[in-house]
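Structural overview for review
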Amino acid sequence: GAKRGGRGRILRFDPVMEEELHGRLSLVSRLAEAQSNGQFSLVYQPQLALSDGTTFGSEALLRWQLPEGGWVPPDRFIPVAEDAGHILSLGEWVLRQACLAQVRWRDGAVGRLRMAVNVSVRQLRDENFVRGAERILTACNADPRDIELEITESHAMENDQVLAMVRVLRGMGFSIAIDDFGTGYSSLSRLQQLPASVLKIDRSFVTDLGTLPESRSIAATIVKVGHELGMTVLAEGVETAEQEEILRSLGCDAVQGYLYAKPMPAERFERWILERSPERSPEQSPATVS
Ligand code: C2E
Ligand code: MG
Ligand code: MG
Ligand code: MG
């Protein structure tokens, strides 16, 4: 496109850019009303221990359903919400809903599970985040040790303000997970400084585990580094038994992926848990479940 500096500057967009810009603008304007109109919901994906297959936690994932039908994937609207600043109120809503579900399960038949919640770096830069999180924990009667904040590995981790914030959250009792590990650019020294207890191997390496020796080497290295730093290592996006077997041989601790379950609405997640673990609900022995 043509560009001229100063006043009267001309910006020409090619059709793809224009489409992109228009799409983002309409998303921004629709994001604001989406929250008040109840178009957001959470789905939950189980996290399992590789040693015995028990489900110890779940990850809450945000869904946006448009009133005219169809879904906008989070990879599309989260970056827009971050740019528009809307992620602050949306992120608070997510944390509250996730805490409410965790407490409901804890106090009901499902039992105590850890709830992982994705947190944008934009939220970690907000000075009101800690106060908001405290308010939510109190209002929901949630124990921060049961709530895991997932932070995506990125350049932003090199930011000292973000590091300080993660330490405060850890000090409050939250568990911290590093998401999408291996795709960002954070240094190993920064990883060492972060008080994280879980390291999540990015799906891209898991996908190619059986076919690319490089992916297997990277996964093996992440497991070693994580264990060296005293962390639990969880592989995301496990889709095949072969991938699971390789991860087991590498000493990976935990898994999450379509092989076990897709993200599910709360009621389906509850049923999934109860059907798989009859010992959790004695009145529903496998013989009586049809
Ligand atoms: P993520 O946190 O790395 O979440 C994992 C993504 O992988 C999810 O996509 C999940 O549905 C998908 N997934 C899980 N298992 C499999 C599998 O076996 N195969 C495949 N192909 N995919 C699998 P989703 O729900 O579309 O979310 C995409 C990203 O959007 C998330 O990546 C996270 O970065 C972001 N996101 C989602 N919810 C929130 C939220 O509440 N707040 C923030 N800040 N970000 C969120
Ligand atoms: Mg995540
Ligand atoms: Mg992510
Ligand atoms: Mg991830």
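Reading the values: rules and limits
All chains use their own residue numbering, which begins from 1 and follows the written sequence. Chain letters start at A and ligand numbers start at 1, both assigned in the order the entries are written. The predicted nature of this model means local features are confined to residues of pLDDT at least 70 and side-chain atom pairs, given and counted, to a pLDDT of 80 or more, with totals for whole chains, interfaces and linings taken over all residues. Excluded from the side-chain calculations are hydrogens and water; all other atoms, namely the structure's heavy atoms, are used. Think of it in three bands: residues with accessible area under 20% of the maximum for their type are buried, residues over 50% are exposed, and the middle band is partly exposed, with areas taken using a 1.4 Å probe on protein chains only. The helix count covers DSSP runs of H or I at least four residues long, the strand count covers runs of E at least two residues long, and both are numbered beginning at the N terminus. Two strands are counted as paired when DSSP detects at least two bridges linking them. When at least one non-hydrogen atom of a residue lies within 4 Å of a molecule or strand, that residue is treated as near it. We define a polar contact as two N or O atoms separated by no more than 3.5 Å, with the added condition that, inside protein, one atom must be a possible hydrogen donor and the other a possible acceptor, whereas residues neighbouring each other in sequence contribute only through side-chain atom pairs. Here a residue-residue contact requires only that any non-hydrogen atoms of the pair lie within 4.5 Å. With axes taken as lines fitted to C-alpha atoms, and helix axes fitted only over the stretch in contact, angles between N-to-C directions fall between 0 and 180 degrees. Each angle is binned into one of four classes, with values under 35 degrees roughly parallel, values over 145 roughly antiparallel, values of 65 to 115 roughly perpendicular, and all other values oblique. Here is the rule for handedness: rotate from the far helix to the near one, and if that takes an anticlockwise turn smaller than a right angle the crossing is left-handed, while a clockwise turn gives right-handed. Residues are grouped as follows: Ala, Val, Leu, Ile, Met, Phe, Trp, Tyr, Cys and Pro are nonpolar; Asp, Glu, Lys and Arg are charged; every other residue, Gly included, is polar. Distances up to 2.8 Å from the metal define which N, O and S atoms are donors, and 3.2 Å serves for Na, K and Ca; water is absent from the atom set, so sites may look incomplete. Think of a salt bridge as a Lys or Arg side-chain nitrogen and an Asp or Glu carboxyl oxygen that are within 4 Å of each other.

**Considerations on the pairing of strand β5 (residues 147–152)**
Among the six residues in β5, five count as buried, and that is most of the element. As paired elements, strand β4 (residues 114–119) and β5 share five bridges and run parallel to each other. Residue pairing in the sheet places Val117 in a bridge with Leu149 of β5. Where β5 and strand β6 (residues 175–181) come together, five bridges link them in parallel fashion. In the strand pairing of β6, Ile151 is matched with Ile178.

**Thoughts on the site of ligand 1**
Close contacts around ligand 1 come from 22 residues, with Arg63, Asn118, Asp179, Glu239 and Tyr258 the closest. Within the side chain of Arg63, one N or O atom sits 2.8 Å away from an oxygen atom of ligand 1. At 2.5 Å, a side-chain N or O of Glu239 approaches a nitrogen atom of ligand 1. For the shell around ligand 1, the elements supplying multiple residues, two or more each, are β2 (55–65), α2 (74–84) and β6.

**Thoughts on the side chain of Gln256**
Relative to the helices and strands, Gln256 resides in strand β9 (residues 254–256). Accessibility expressed as a relative area gives 2% for Gln256, which makes it buried. A distance of 2.6 Å separates a polar atom in the side chain of Gln256 from a polar atom in the side chain of Glu59. Ignoring anything within four residues of it in the chain, the contact list for Gln256 reads Gln45, Pro46, Gln47, Glu59, Lys200, Leu234, Ala235, Glu236, Gly237 and Val238.

**Quick look at the packing of helix α3 (residues 87–106) against helix α5 (residues 129–140)**
Where α3 contacts α5, the axes come no closer than 9 Å and their chain directions differ by 30°. One way to sum up the angle between α3 and α5 is to call them roughly parallel. For α3 against α5, the interelement crossing comes out right-handed. Contact residues: α3 offers Glu92, Leu95, Arg96, Cys99, Leu100 and Val103, while α5 offers Gly132, Ala133, Arg135, Ile136, Leu137 and Cys140. Partitioned by chemical class, the residues of the contact of α3 with α5 number eight nonpolar, one polar and three charged.

**Here's the deal with the coordination of the magnesium ion (ligand 2)**
Protein ligation of the magnesium ion (ligand 2) involves Glu59 (OE), Asn118 (OD1), Glu150 (OE) and Asp179 (OD), the donor distances falling in the range 2.0 to 2.2 Å. All donor residues of the magnesium ion (ligand 2) come from one chain, and their arrangement in sequence is E-x58-N-x31-E-x28-D. Metal-to-metal, the separation of the magnesium ion (ligand 2) and the magnesium ion (ligand 3) is 4.8 Å. Of this pair, Glu59 sits in strand β2 while Asn118 sits in strand β4, placing them 59 residues apart in sequence. The exposure class assigned to Glu59 is buried, which follows from its relative accessible area of 5%.

**Let's talk about the pattern of salt bridges**
Any two side chains of opposite charge can pair if their charged atoms end up close together. Applying the stated criterion across every chain yields a total of 13 salt bridges. Put simply, Arg30 and Glu68 hold a salt bridge, and the shortest N to O gap is 3.0 Å. With Arg30 in helix α1 (residues 15–36) and Glu68 in the loop between β2 and β3 (71–72), the pair connects residues that are 38 residues apart, well separated along the chain. Looking at Arg30, the relative accessible area reads 25%, which means it is partly exposed. Judged by its relative accessible area of 54%, Glu68 falls in the exposed class. Glu150 is the partner of Lys200 in a salt bridge, and the nearest nitrogen-oxygen pair spans 2.7 Å. Residue Lys200 is located in strand β7 (residues 198–201), and its partner Glu150 is located in strand β5; the two are separated by 50 residues in the primary sequence. As far as the burial class goes, Lys200 and Glu150 line up, both buried. Members of the salt-bridge network, linked through shared partners, are Glu59, Glu150, Lys200 and Glu236.

Keep in mind these values describe shape, not function.
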